Amino acid sequence: MTPSPLSPGIRLGSYEIIAALGAGGMGEVYRARDTRLGREVAIKVLARRLMGDPKAQARFEREARAVAALSHPNVMALFDYGESDGTTFAVLELLEGETLRARLAAGALAQRKAIEYAVQIVRGLSAAHEQGIVHRDLKPENVFLTRSGQVKILDFGLAFLTASAPGLLDGPTLLTEPGIVMGTAGYMSPEQVRGQQADERSDLFSFGAILYEMLAGRQAFPGETASDRMTAILHKEPPDLPASVPPALDRIVRHCLEKRREERFRSAHDLAFDLEALASTGDSRGAPPPAARSGRRLAPALLAVLLLAAGAGLAKWLWRDPSPSAPAFRQLTFRLGTIFTARFAPDGDTIVYGAAWEGASSRIFTVRADRPESVPLALPSADLLAVSKSGDIALSLGRSFLSSPFSSRG
C-alpha cells in the first residue's frame, strides 16, 4: 500500500508536521516545528513511491551526508537526520523566499543583481568542491533566493563525491555507472550529456548556463525536447547575450560554457575571484572605481585593470568597432595591484606582463584575450624588459639581467 502524505500534527521524533511545502522527483518537503528548540524547520522525506527502494534510500542518505559536510551561508543547512516509524527524514533550515526559476519567470535580472547572485552561487560551489562534492544538478530550480537577498544552493541528491571527500566515501555509494546520464537537460555539461564522469568543472558549465539565463532572460541551450537541449549543449553555442552586457561579463559566461572542460575556469575559486573583482568595481560594465577609493599611488593598472590600447591594425582585439583613428581598450585583468610592463608575445594573441598583485613582489604573468585568466610563469621575482620575436623574454633582477625562452603554448 502506498504511504499517505504526512498530515499536520504527525510527529517524526521531536518534529511536528505543520503543512506540506512541496514535492520533487525524490522527496517531499514539509514545514515542521522543532518541539525541543521551539523553531520552525523544513522536513524532507523520501517520495512515497520510493519508500522501500534501497537505491533511493542510499541516495537520500548520501545527500544528507553531503549537505552535513558543508557549513556555508550559500548552502542550505542540515540540522538533523533520523528515522521515525519507518520514515527516514532530514531536517533542514526553513527558507522564506523563492527559487531562481520563479524569479526568472519575470525575465532577465538587472546586471548588478545577476552578478550579486552569481558571486554567492559560486561561493557555495567553491565550498562544496573544497569538500570533494560535485553537485551535478545545478539549475535555477535548485537555487533559492531568500527574502533577505541571500542565495542558497539546494538539492545535492545527485551529488558525486570525489576521492578528496574522506569520511563521506565511507557511507553508501551513489550507485551510478559510466554511461548513465545524470543531470537536467539544458544545464548539464557536455561530459554529463555523454554519460562521462562529472567533476568540479562540470558544475561551472551549469553555472554558466544559469548566469547566461539571468542576463538574457532565456535559456542558453533551448529546445522543444530534452534531446534538442542536449544536442544544443554538445554542438551549438548560445545566442549572443544582450548588447548591454559588458565584454568582461560576457567573457566570464563564455569561459564557463566552453565545450571542453579543460578550457573552462580551473576552479570555482578562480571564477569567484573574477566575479568578485567585477562586482567590486561598483559598475556592472566593469569600469574601475574612482581613484579616491584607494590610497595607493595611481599606476597604469592601479585597481587591477590591464587596458591594452589597440589601433585599427589590432581590430581583432576589440569587442566594439572603434573609429579607425581612435584607440580602443579592453579589460583583461581584475586584481588589485600595479602593472609595470606589458608586451605582446610572438603569436600576437598572448600578452606577457609584469605585475605586483595585492602587495606581493613583482612576478611575470601571461594572459590571452580569449582566456581571461592570468597565468604566472615559473620565473623569479623580476621586472619584464622585453619579449623578442623568437620568444625570448628579458627580465631585470635588480642589477642583473636574465634571458629566458617563452612559449605561448606552454
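Residues numbered from 1 in each chain as written. Predicted model: local features only at pLDDT ≥ 70, side-chain atom pairs only at ≥ 80, totals over all residues. Heavy atoms only, no water.

**Student:** Could you give an account of the overall build of the protein chain, naming the residues involved and the relevant values?
**Tutor:** For the protein chain, the count of helices and strands is eight helices and 18 strands. If you take every contact in the protein chain between residues at least 6 apart in sequence, the share linking residues at least 24 apart comes to 55%. By element, 52% of the accessible surface of the protein chain is carried by carbon and sulfur atoms, the whole surface being about 19300 Å². (Helix = DSSP H or I, 4+ residues; strand = E, 2+ residues; numbered from the N terminus. Contact = heavy atoms within 4.5 Å. Areas by Shrake-Rupley, 256 points an atom, 1.4 Å probe, with all protein chains shown as cover.)

**Student:** Please give an account of the layout of surface pockets that cites residues and values.
**Tutor:** Estimates place the volume of the largest pocket at around 830 Å³. Taken together, 35 residues form the lining of the largest pocket, with Val29, Lys44, Asn142, Leu154 and Asp155 sitting closest to its centre. Only strand E2 (15-23), strand E3 (27-34), strand E4 (39-46), helix H1 (54-68), strand E6 (87-92) and strand E7 (97-99) provide two or more residues apiece to the lining of the largest pocket. Taken together, the residues of the lining of the largest pocket sort by class into 19 nonpolar, eight polar and eight charged. (1 Å grid on protein atoms, 1.4 Å probe; cavity = no way out; pocket = protein on both sides within 12 Å on 5 of 7 lines; lining within 4 Å. Points joined across faces, edges and corners; volume = space filled by probe spheres on them. Nonpolar A, V, L, I, M, F, W, Y, C, P; charged D, E, K, R; others polar.)

**Student:** How would you summarise the sheet that holds strand E10 (residues 151-153) if you had to cite specific residues and measurements?
**Tutor:** The strand order E7-E9-E10 describes an open sheet built from three strands, whose pairing is antiparallel. The outermost strands of the open sheet, each flanked by one partner alone, are E7 and E10. The mean inter-strand angle of the sheet, taken between neighbouring strand axes irrespective of direction, is 25°. Pairing analysis gives three bridges linking strand E9 (residues 143-146) to E10, with the strands arranged antiparallel. The residue of E10 that forms the bridge with Phe144 is Lys152. Sitting on the sheet, helix H3 (residues 111-130) is in contact with E9 and E10, with an inclination near 35° to E10. (Pairing = 2+ DSSP bridges. Axes fitted to C-alpha atoms, helices over the stretch in contact; angles between N-to-C directions.)

**Student:** A description of the confidence of the model for the protein chain should follow, citing residues and the corresponding values.
**Tutor:** For the protein chain, the mean per-residue pLDDT works out to 80, and 76% of the residues sit at or above 70. Considering only residues more than four positions removed or in separate chains, one finds that residues 169-179, a stretch of pLDDT under 50, has 27 contacts. Taken as a whole, residues 284-323 scores under 50 in pLDDT and shows 94 contacts with residues more than four places along the chain or in a different chain. (pLDDT = per-residue confidence, 0-100.)

**Student:** Let's hear about helix H7 (residues 247-256): which residues, and what values?
**Tutor:** For H7, the tally of buried residues reaches nine of 10 residues, placing the bulk of the element in the interior. The complete set of buried residues in H7 reads Pro247, Ala248, Leu249, Asp250, Arg251, Ile252, Val253, His255 and Cys256. (Buried < 20%, exposed > 50% of the residue type's maximum accessible area, 1.4 Å probe, protein only.)

**Student:** How would you sum up the sheet that holds E6? Please name residues and give values.
**Tutor:** With antiparallel pairing, the six strands of this open sheet are ordered in space as E1-E2-E3-E4-E6-E5. Edge strands, defined here as strands with exactly one partner in the open sheet, are strand E1 (11-12) and strand E5 (78-84). Bridge analysis of E3 against E4 gives eight bridges, and the strand direction is antiparallel. Paired with Ala32 across the bridge in E4 is Val41. In the packing of H1 onto the sheet, contacts are made with E4, E5 and E6, and the angle to E5 comes to roughly 150°.

**Student:** A description of the pairing of E3 should follow, citing residues and the corresponding values.
**Tutor:** Within E3, six of the eight residues are buried, leaving the element largely enclosed by the surrounding structure. Pairing of E2 with E3, which is carried by seven bridges, proceeds in the antiparallel orientation. Paired with Ala19 across the strands is Arg31, a residue of E3. Between E3 and E4, which follow one another and run antiparallel, lie four residues, and Gly38 among them has a positive phi close to 65°.

**Student:** Describe the environment of Phe156, and please don't skip the residues or the numbers.
**Tutor:** Looking at the secondary structure, you find Phe156 in the loop between E10 and strand E11 (160-161). Along the backbone, Phe156 and Val67 are 89 residues apart, and their C-alpha atoms lie at a distance of 7.0 Å. Beyond its immediate sequence surroundings of up to four residues, Phe156 is in contact with Glu63, Val67, Leu70, Val75, Ala128, Ile133 and His135.

**Student:** Can you tell me about the nonpolar core, naming the residues and giving the values?
**Tutor:** Formed by 58 residues in total, the largest nonpolar core has its most connected members in Phe156, Phe207, Leu211, Met214, Leu271 and Leu275. The element best represented in this core is helix H5 (residues 200-216), accounting for 10 residues. With near-sequence residues (within four places) excluded, Phe207 lies in contact with Ala118, Ile121, Val122, Leu125, Leu138, Cys256, Leu271 and Leu275. Ranked by size, the runner-up nonpolar core spans 11 residues in total, among them Leu12, Ile17, Tyr30 and Phe89. (Core = buried A, V, L, I, M, F, W, Y, C linked by side-chain atoms within 4.5 Å.)

**Student:** An account of H5 is requested, with residue identities and associated values reported.
**Tutor:** With 17 residues, H5 extends 25 Å from end C-alpha to end C-alpha; this agrees with the ideal 24 Å at 1.5 Å per step. Burial within H5 is extensive, with 15 of its 17 residues counted as buried. Just downstream of H5 lies Gly217, where phi reads positive at about 75°. (Expected span 1.5 Å × (residues − 1).)

**Student:** Give a description of the packing of aromatic side chains that names residues and reports values.
**Tutor:** Under the defined criterion, the tally for this structure stands at four aromatic pairs. A centroid spacing of 6.1 Å and a plane angle of 35° characterise the contact between Phe60 and Tyr81, whose relative ring orientation is tilted. With Phe60 in helix H1 and Tyr81 in strand E5, this residue pair connects regions lying 21 residues apart in the sequence. Assessed through its relative accessible area of 3%, Phe60 is described here as buried. In this structure Tyr81 comes out as partly exposed when scored by relative accessible area, which is 30%. Between the aromatic rings of Tyr353 and Phe365, the centroid separation amounts to 5.6 Å while the plane-to-plane angle is 20°, which identifies the pairing as stacked. In this pair, Tyr353 sits in strand E13 (residues 350-357) while Phe365 sits in strand E14 (residues 363-368), placing the two residues 12 residues apart along the sequence. Judged on exposure class, the residue Tyr353 and its partner Phe365 are both buried. Across from the ring centre of Phe79, 4.1 Å away, lies the NZ or CZ of Arg39, which sits over that ring. (Phe/Tyr/Trp six-rings, centres within 6.5 Å; stacked < 30°, edge-to-face > 60°. Lys NZ or Arg CZ within 6 Å of the ring centre and 35° of its normal.)

**Student:** Outline the pairing of E6, listing residues and values.
**Tutor:** The buried fraction of E6 is high, at six of six residues. Burial along E6 is two-sided: Thr87, Phe89 and Val91 facing one way and Thr88, Ala90 and Leu92 facing the other are all buried. Direction of pairing for E4 relative to E6: antiparallel, over a ladder of four bridges. Bridging from a neighbouring strand, Val45 pairs with Phe89 of E6. Where E5 lies against E6, six bridges are found, and the strand directions are antiparallel. Residue Leu78 lies in a different strand from E6, and its bridge partner there is Leu92. Remark: two residues form the turn of the hairpin made by E5 and E6, two consecutive strands paired antiparallel; Asp85 in that turn has positive phi of roughly 50°.

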